[in-house]
Amino acid sequence: TGSYTVSINDFCVDCDGTFTVTLPPAADVAAGREFVIKNSGAGTITLDGDGSETIDGAATKAIASGASDRVMCDGSNWILL
């Protein structure tokens, strides 16, 4: 229900509210590792890469109410699946 930094041990992060979820540094995550971010609430979740890392080339990705996104590490950034 508040800002959260994804742990390398997480798999699915279930969110409720309006806040930012920050992905771990891609350098700390094995290439091919995936995370699922689910917005179960009525707000908007902002998915953010660590530092200057991008998500499909963008600095952030909005996840609307009821939606989810699956992201995969490519070793230096994040890719939406």
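Residues numbered from 1 in each chain as written. Predicted model: local features only at pLDDT ≥ 70, side-chain atom pairs only at ≥ 80, totals over all residues. Heavy atoms only, no water.

S.K.: Any details on the pairing of strand β5 (residues 45-48)? Residues and values, ideally.
M.R.: Side chains of β5 alternate between two faces, with I45 and L47 buried and T46 and D48 left unburied. Here four bridges tie β5 to strand β6 (residues 60-63), and the two strands are oriented antiparallel to one another. Counterpart to I45 in the pairing with β6 is I63. (Buried < 20%, exposed > 50% of the residue type's maximum accessible area, 1.4 Å probe, protein only. Helix = DSSP H or I, 4+ residues; strand = E, 2+ residues; numbered from the N terminus. Pairing = 2+ DSSP bridges.)

S.K.: If you had to explain unusual backbone geometry to someone new, which residues and values would you point to?
M.R.: The residue D56 is not glycine, and still its phi comes out positive at about 55°. On the basis of relative accessible area, D56 is assigned to the partly exposed category, the value being 47%.

S.K.: I'd like a description of the sheet that holds β6, backed by residues and values.
M.R.: What the four strands build is an open sheet, ordered β1-β3-β5-β6; its pairing is mixed. Both edges of this open sheet fall to β1 (4-5) and β6, since each of them pairs with a single strand only.

S.K.: Run through the pattern of salt bridges, naming residues and quoting values.
M.R.: All told, the structure shown has two salt bridges when counted by the stated rule. Where R70 meets E34, a salt bridge forms, and the shortest distance between an N and an O atom there is 3.1 Å. Taken together, the residues span a long stretch of sequence, with R70 in strand β7 (residues 68-73) and E34 in strand β4 (residues 34-39) at a distance of 36 residues. Assessed through its relative accessible area of 25%, E34 is described here as partly exposed. Of the charged contacts, one joins K61 and D69 as a salt bridge, the two residues approaching to 3.2 Å between their closest N and O atoms. D69 sits in the buried class, given a relative accessible area of 14%. (Salt bridge = Lys/Arg side-chain N within 4 Å of Asp/Glu carboxyl O.)

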